[in-house]
Structure formats: C-alpha cells, structure tokens
Amino acid sequence: MAFQDFDQITERRKAENARKFKRRILIAVIAVILLIGIIVGAIFVVNKLKTDKATKKASKPASPSPKRDRPDNNAPPPNDKPATASKIVEQMCGSTDYQDKCKEVFSVKKEPVSKPKEVIKAIISGASDEAKSAFTKAGELSFEKEEEKQAFEDCKTLFDDAKEELEESVYQVGNTTSSGKMRIGLMNSWLSAVISYGQTCIDGFPDGDAKSKLTKTLEATKELTSNSLAVISLLSEVKVPGTEASSGSSRRLLAQNKDGFPSWLTHDERRVLKRNDEKPTPNVTVAKDGSGNYQSISEALSAMPENYEGRYIIYVKEGVYDESVTVTKKMPNVTIYGDGSQKSIITGNQNTADGVRFLKTATFVAIGEGFIAKSMGFRNTAGSAKQQAVAARVVADRAVFLNCRFEGYQNTLFVQAHRQFYKSSVVSGTIDFIIGDAAAIFQNCLIYIRKPQENNSNTVTAQGRTDKRETTGIVLQNCKILPDKDFESDKSQFKSYLGRPWKEYSRTIVMESTIDNVIDQEGWKEMDGDFGKKTLFYGEYNNNGDGSKTDNRVKWPGVKVLNKDEAMQFTVGPFLKGNAWLKNNNGVPVRFGLFDN
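Residues numbered from 1 in each chain as written. Predicted model: local features only at pLDDT ≥ 70, side-chain atom pairs only at ≥ 80, totals over all residues. Heavy atoms only, no water.

Student: Can you help me understand the overall build of the protein in this one?
Tutor: Assigned secondary structure in the protein consists of eleven helices and 26 strands. Expressed as a percentage of the 597 residues in the protein, the buried residues total 50%. As displayed, the protein offers around 29,000 Å² of accessible surface, 49% of which is attributable to carbon and sulfur atoms. (Helix = DSSP H or I, 4+ residues; strand = E, 2+ residues; numbered from the N terminus. Buried < 20%, exposed > 50% of the residue type's maximum accessible area, 1.4 Å probe, protein only. Areas by Shrake-Rupley, 256 points an atom, 1.4 Å probe, with all protein chains shown as cover.)

Student: Please explain the sheet that holds strand E14 (residues 419-423) as it appears in this structure.
Tutor: Pairing between the strands of a sheet is mediated by backbone hydrogen bonds and can be parallel or antiparallel. Within the open sheet, the eleven strands sit side by side as E1-E2-E5-E8-E11-E14-E17-E20-E23-E25-E26. Their pairing is parallel. On the outer flanks of this sheet lie strand E1 (284-286) and strand E26 (559-561), each paired with one strand and no other. Across the sheet, the mean angle from the axis of one strand to that of its neighbour is 10°, orientation sign disregarded. Summarising the sheet, strand E23 (residues 507-511) and strand E25 (residues 537-541) pair through five bridges and their orientation is parallel. Across the sheet, Met511 pairs through a bridge with Tyr541, a residue of E25. (Pairing = 2+ DSSP bridges. Axes fitted to C-alpha atoms, helices over the stretch in contact; angles between N-to-C directions.)

Student: Would you mind going over the state of the cysteines with me for this structure?
Tutor: Scanning the entire structure with this criterion turns up two disulfides. Residue Cys93 pairs covalently with Cys102 via a disulfide, S to S 2.0 Å. Taking the sign of the torsion about the S-S bond as the criterion, the disulfide between Cys93 and Cys102, at about -70°, is left-handed. When sorted by exposure, Cys93 lands in the same class as Cys102, which is buried. Shown here is the disulfide that connects Cys155 with Cys201, its sulfur atoms set 2.0 Å apart. Since a negative S-S torsion denotes a left-handed disulfide, the Cys155-Cys201 link at about 95° is right-handed. Placement of Cys155 in helix H5 (residues 146-172) and of Cys201 in helix H6 (residues 180-203) is noted, with a sequence separation of 46 residues between them. Judged on exposure class, the residue Cys155 and its partner Cys201 are both buried. Here the bonded cysteines of the protein are numbered in sequence order, and their pairing is 1-2, 3-4. (Disulfide = S-S within 2.5 Å.)

Student: Help me understand the pairing of strand E5 (residues 334-338) in this model?
Tutor: Looking down a regular strand, the side chains alternate between one sheet face and the other. The element E5 is largely enclosed, with a buried count of five among its five residues. By the alternation rule, side chains of E5 split into Val334, Ile336 and Gly338 and Thr335 and Tyr337, which are all buried. For strand E2 (residues 312-316) and E5, the ladder comprises five bridges, and the chain directions are parallel. Each bridged residue has a counterpart across the sheet, and for Val316 the counterpart in E5 is Gly338. Summarising the sheet, E5 and strand E8 (residues 372-374) pair through three bridges and their orientation is parallel. Paired with Thr335 across the strands is Ile372, a residue of E8.

Student: What am I meant to see in the packing of aromatic side chains here?
Tutor: The description of an aromatic ring pair rests on the distance of the ring centres and on the angle between the ring planes. Using the criterion set out here, one finds 21 aromatic pairs in the structure. Geometrically, the ring pair formed by Phe487 and Phe494 is tilted, given 5.9 Å between the ring centres and 55° between the ring planes. Through a chain of ring-to-ring contacts, the aromatic side chains of Phe364, Phe371, Phe378, Phe401, Phe406, Tyr422 and Phe442 assemble into a single cluster. Between Lys288 and the ring centre of Tyr321, over which it is positioned, the NZ or CZ distance is 5.4 Å. (Phe/Tyr/Trp six-rings, centres within 6.5 Å; stacked < 30°, edge-to-face > 60°. Lys NZ or Arg CZ within 6 Å of the ring centre and 35° of its normal.)

Student: Sorry if this is basic, but what is going on with the sheet that holds strand E15 (residues 426-429) here?
Tutor: The sheet built from eight strands is open, its strands ordered E3-E6-E9-E12-E15-E18-E21-E24 with parallel pairing. Here the strands that pair on one side only, and so sit at the sheet edges, are strand E3 (319-322) and strand E24 (514-515). Strand direction decides the pairing type here: strand E9 (residues 377-380) and strand E12 (residues 405-407), joined by three bridges, are parallel. Paired with Phe378 across the two strands is Phe406, which belongs to E12.

Student: How do you make sense of the packing of helix H4 (residues 116-139) against H5 when you look at a structure like this?
Tutor: Geometry of a packed helix pair, given as the angle between the helix axes and the separation of the axes. Between H4 and H5, the shortest axis-to-axis distance is 9 Å and the interhelical angle comes to 160°. Classified by the interaxial angle, the pair formed by H4 and H5 is roughly antiparallel. Seen from above, H4 lies across H5 with left-handed handedness. Note on element contacts: H5 touches H4 through Phe152, Phe159, Ala162, Lys163, Leu166, Glu167, Ser169 and Val170, opposite Lys121, Ile124, Ser125, Ala127, Ser128, Ala131, Lys132, Phe135, Ala138 and Gly139. Classifying every residue of the contact of H4 with H5 gives ten nonpolar, four polar and four charged. (Parallel < 35°, antiparallel > 145°, perpendicular 65-115°, else oblique. Left-handed = near helix turned anticlockwise from the far one by under 90°. Contact = heavy atoms within 4.5 Å. Nonpolar A, V, L, I, M, F, W, Y, C, P; charged D, E, K, R; others polar.)

Student: What is the right way to read the side chain of Glu407 from this model?
Tutor: For Glu407, the location among the structural elements is in strand E12. Glu407 gets classed as buried once you look at its relative accessible area, which sits at 18%. Polar side-chain contacts of Glu407 include one of 2.7 Å to the side chain of Arg405. Dropping the residues within four chain positions of it, Glu407 is found in contact with Phe378, Arg379, Asn380, Ala391, Thr412, Ser428 and Arg450. (Polar contact = N/O pair within 3.5 Å; in protein donor to acceptor, adjacent residues only side chain to side chain.)

Student: Just checking my understanding: could you explain the pattern of salt bridges for this structure?
Tutor: Two side chains bearing opposite charge may form a pair once their charged atoms approach each other closely. Taken as a whole and assessed by the stated rule, the structure comprises 27 salt bridges. The residue Lys491 makes a salt bridge to Glu488 at a minimum N-O spacing of 3.1 Å. In this structure, Asp530 and Lys533 form a salt bridge, with 3.4 Å as the shortest nitrogen-oxygen distance. In the salt-bridge network here, residues are joined through shared partners; they are Asp161, Glu164, Glu165 and Lys329. (Salt bridge = Lys/Arg side-chain N within 4 Å of Asp/Glu carboxyl O.)

See the structure below:
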C-alpha cells in the first residue's frame with residue numbers, strides 16, 4: 001500500500017473518531033438532562049403528597065377530646081378500644097366456670113383492657129384482692145371451741161401462703177417472656193395451691209357453724225382463683241385429660257436434657273443425684289454420736305444463714321433421729337442426704353387420735369421450694385389404731401425425693417401442694433397413705449400395703465382436687481403395688497383399693513405399673529356414697545399383674561382405661577412442665593414420657 005493511501009485512511013479514521021466522540025458527549029448530556037428531570041419529578045411528587053395529606057388533615061373534623069374534658073359525656077368514644085376490650089373480656093370470661101364473678105372484676109376497673117394478658121392479670125388481681133378481704137373477714141369470725149381456735153392458727157399460715165402466691169402470680173403475668181412455658185407452669189402450681197390452702201384450712205375445723213361460715217367466707221376466693229386457672233389455661237400449650245378443653249399429646253415438649261435431669265436443677269444439683277455412692281461436700285454434718293457439726297437435723301437447719309445463695313447441703317449420718325423437722329419457707333434449695341433410707345431415719349409418733357391437729361402430726365415437713373432429699377427415711381410409728389399420722393408433709397414446689405422411704409399407716413405421705421417428684425422410693429401404709437392435692441409423680445417406686453385394723457380396708461391414694469381447673473393429681477408410673485411382707489398371708493381377708501375420692505374432682509393415674517392381686521378387682525373405692533363419682537378422674541394404662549385387670553372395675557363415669565396419647569399427658573413433661581426427669585440409678589435407662597415408647 002502506497003503512503004498516500006495510508007494517509008487517506010488515517011484521515012478517515014480521525015474523522016470517524018471525532019464523530020464518535022461528539023456522539024458520546026451528546027448521549028452523556030441527554031442522560032444528565034433525563035436524570036435531572038427524574039429528580040425534579042420525584043421532588044414534585046413528594047411535595048404534592050405532603051400537600052394533599054396536609055390538606056386532608058386540615059379539612060378533617062377535629063377528634064373529640066378525652067371524655068374527662070368533654071362537656072358531652074354521651075359523645076362517641078374516639079376509637080373502638082372499649083368495644084375491643086369488651087369483646088376480649090367476654091371471650092375470656094366465657095371460658096371460666098364463674099362467669100358473673102369474672103365480669104364483676106372488670107365492672108369496677110376504670111381503664112379498659114386491650115390485651116389478653118391484661119385480662120388475665122386483672123382476673124388474678126381480683127382473686128388476690130378478694131383473698132385479702134376474705135382472710136380479714138375470716139379473722140373476725142368467732143371461734144368458741146378450743147379445737148376451732150387451734151385450727152384457725154393453721155389457717156393463718158395458709159392464708160399468708162395463699163396471699164403471697166397470688167401476688168407472685170400477678171407479678172409473673174407478662175414477665176420473663178423467654179421462659180413463658182415455665183412461667184405458666186409456675187402460675188398453675190401457685191393458683192392450684194391457693195385453692196388447696198383454702199380447703200386445707202376448712203378441713204382443719206370440726207363440723208359445725210364455724211366451719212360453715214368459714215367455707216362461705218372463702219367461697220368467692222376459690223371461685224376467682226378457679227377463674228384465674230381457666231384463663232391461664234388459654235395460654236397453655238398442653239391440656240390434660242380430666243379438665244376442660246383437653247387435647248391430644250404435645251410431643252414437641254418431649255425434649256430431654258442430656259443427663260436426664262429436671263431442667264430446674266443446676267449442674268451441682270444433678271451431680272448430687274447422679275449416683276447412690278456419691279456424697280457431695282456438705283455445708284454441715286449431723287451425727288448422733290457427736291462426730292458432726294450438730295446432733296439434730298433441726299439444729300442444722302436453724303444454723304442455715306439467712307438469704308443463703310446456692311444449695312445448702314446437710315449430710316445426716318446413720319442413726320434414728322427422733323425429732324420433728326421442718327424445712328421452712330425461708331429455707332429454699334436445701335438438700336438433705338443420708339447413708340440410706342433404712343440407716344438415716346427421721347422418726348416421730350404424733351397422731352390425731354391423741355388430739356394433735358392433722359397438719360401437726362407430720363414427722364417431717366418440707367416447705368422451702370427446691371427441696372431435695374436423697375437416701376433418707378421418714379417414719380411415723382403411731383400405728384394403725386391412731387388414725388391420721390403423717391410421716392412426711394410436702395408443700396415445696398419442685399421437690400425431689402430419691403431413694404427415700406416413707407413408713408406409716410393412715411396418711412403416711414401428705415403431698416399437700418405444688419409439683420413433686422419421687423424416684424426409686426418406698427411408701428408404705430394402710431388408709432389413704434398417699435394423700436393430698438399436689439401434682440405428684442411417683443416413678444419406679446415400691447408401694448407397700450400394710451395390714452389395717454380389723455374390719456377396715458386399705459386405700460393407696462386419696463387425691464384432693466376440689467376444682468376441675470386445678471392442675472394437680474397423683475401419678476404412679478412404673479411402680480409396684482404389693483402387700484407388705486407381714487401382710488402377705490392375710491391380704492385375702494381385707495379389701496385393698498388403688499384409691500378413693502378425698503375431694504370432688506379427685507384425680508389419680510396408675511400406669512405401666514405392676515399391681516398385685518392384693519388390689520380388689522373393683523379397683524377403686526367410694527368415699528361417701530356417690531360423692532365425687534361423676535366428677536373424679538381415675539385412669540389406668542398398660543399395667544400388669546393379677547390386680548391390673550380392668551374388666552370388673554367400678555362403672556363410674558370418671559374411671560377410664562387410657563389410650564397412649566391420654567397417658568402421655570400424665571408423664572413428667574406435660575403434667576409437671578418438668579421437661580426431663582431423674583435417671584434411674586441402677587442402670588435402667590430413664591424414660592422421659594412412657595416406658596413403652
């Protein structure tokens with residue numbers, strides 16, 4: 001190619017590049033103009049919207065002032081909040097058994113409620129206020145007999161406990177959202193205990209005018225507390241058979257801690273319970289021979305520092321300690337462990353036949369929450385002729401008894417209130433020897449029936465639920481119900497039963513247990529004619545042994561053979577909100593839920 005041709009090509013390229021450059025500049029200018037247009041347009045739209053909004057607001061009639069500032073009290077409310085509140089109250093009170101009582105609570109409230117939790121709080125607050133009023137009125141009653149005066153002394157303590165737990169329930173509503181399920185369990189426990197406290201107070205009085213007046217005085221408190229339990233159940237994810245609105249199993253709750261212990265126990269507490277031969281370092285040691293810090297258990301408890309933080313551990317060396325022992329409400333998180341249930345023994349012989357009040361007959365009393373006993377024996381040696389004679393009375397919430405022994409005759413073990421768990425323990429007695437209104441589960445326990453007085457019969461349980469809303473009951477799971485060795489040869493001469501209804505809504509479940517033929521084929525015994533037969537709930541599931549056949553059981557409406565889903569509701573998680581339970585110390589795998597899963 002000649003240089004001239006090359007020069008021509010170069011000139012053409014230069015001209016073309018110049019045209020491309022001009023075109024790029026033109027495109028850039030147009031893009032900028034468009035962008036500016038978009039921005040201007042956006043600003044115009046925003047301003048237009050603001051102007052329209054301001055115009056509408058200016059043209060809208062002014063909202064009426066609050067009622068307290070208006071001369072016309074008949075003017076409509078500024079919004080529908082009262083209507084919403086009325087609907088919420090109507091719906092929640094509709095779930096209660098005493099609807100008029102429920103609505104009365106809101107008839108005196110100045111401000112409408114707008115949320116379900118506000119309704120619940122108002123209802124429980126109403127119960128708390130009513131309880132305070134009722135207890136004041138009860139104190140003004142005239143008690144002429146010495147027996148009545150002494151009974152009312154017990155009532156004073158019960159009233160204090162009831163007031164405290166109602167106040168705690170009010171406080172708990174709406175708090176600690178991260179542990180809401182446990183909070184519901186706590187409130188169910190407290191509110192059920194409040195009803196139990198009132199009934200225990202009444203039961204301490206002899207029949208007569210004073211008892212009738214006291215019952216009437218406490219009636220409203222019971223009804224409002226029942227309503228509180230009803231509305232709390234609306235928040236519960238687990239419904240239990242034998243109550244209103246029961247549902248199927250909630251298997252999602254069956255999460256188990258890796259070590260199989262209750263979720264409320266700390267690492268150190270789990271370690272205490274893991275092995276029979278493990279003895280944790282005690283704070284104090286009790287020994288009858290003087291080799292410990294104290295020679296009596298009561299002395300060791302009295303020396304416990306006030307407001308002690310952590311778990312206070314008392315080691316009881318082998319010996320029989322003849323004393324009345326009480327772990328008071330001011331002594332939470334106490335552990336008492338011994339050298340064995342037939343070696344380290346607390347004993348007594350107080351009984352009602354000798355004029356002692358029922359609550360005062362207990363050899364051992366546990367009230368402080370979080371109590372643990374391990375390898376200890378509890379006895380009442382009054383004998384079968386001395387009527388009610390309690391070996392242990394348990395009120396403590398989240399109480400655990402492991403490898404313990406309870407020996408007595410009538411009312412051996414009084415499971416009075418709250419949530420309790422008994423593992424690998426022995427209970428022996430004659431009449432109603434496991435009695436009370438706690439939510440109590442006995443797992444892998446030996447239940448020994450002893451020889452009663454002539455012409456008497458035996459009953460293993462007497463559960464005391466007085467209201468169908470209470471979340472209480474006695475559960476025997478994977479236990480053995482047998483005659484005591486001294487009764488074996490005479491068992492055919494006496495009738496023995498699984499239980500009878502101490503109170504109207506009595507609830508007892510026997511499941512996955514061995515029932516010896518010491519138990520009569522009818523299974524359950526009446527308390528007083530037809531009392532409780534239509535309202536009780538007695539369930540059996542997957543039991544074995546000659547006494548477990550249900551063909552000839554009594555034909556009461558509440559006596560049932562449970563299916564698997566129904567039985568599941570009485571395992572530790574759903575029934576006690578325990579989430580996991582104690583491992584069996586003899587190497588048998590623990591079963592959270594049913595043993596046949």
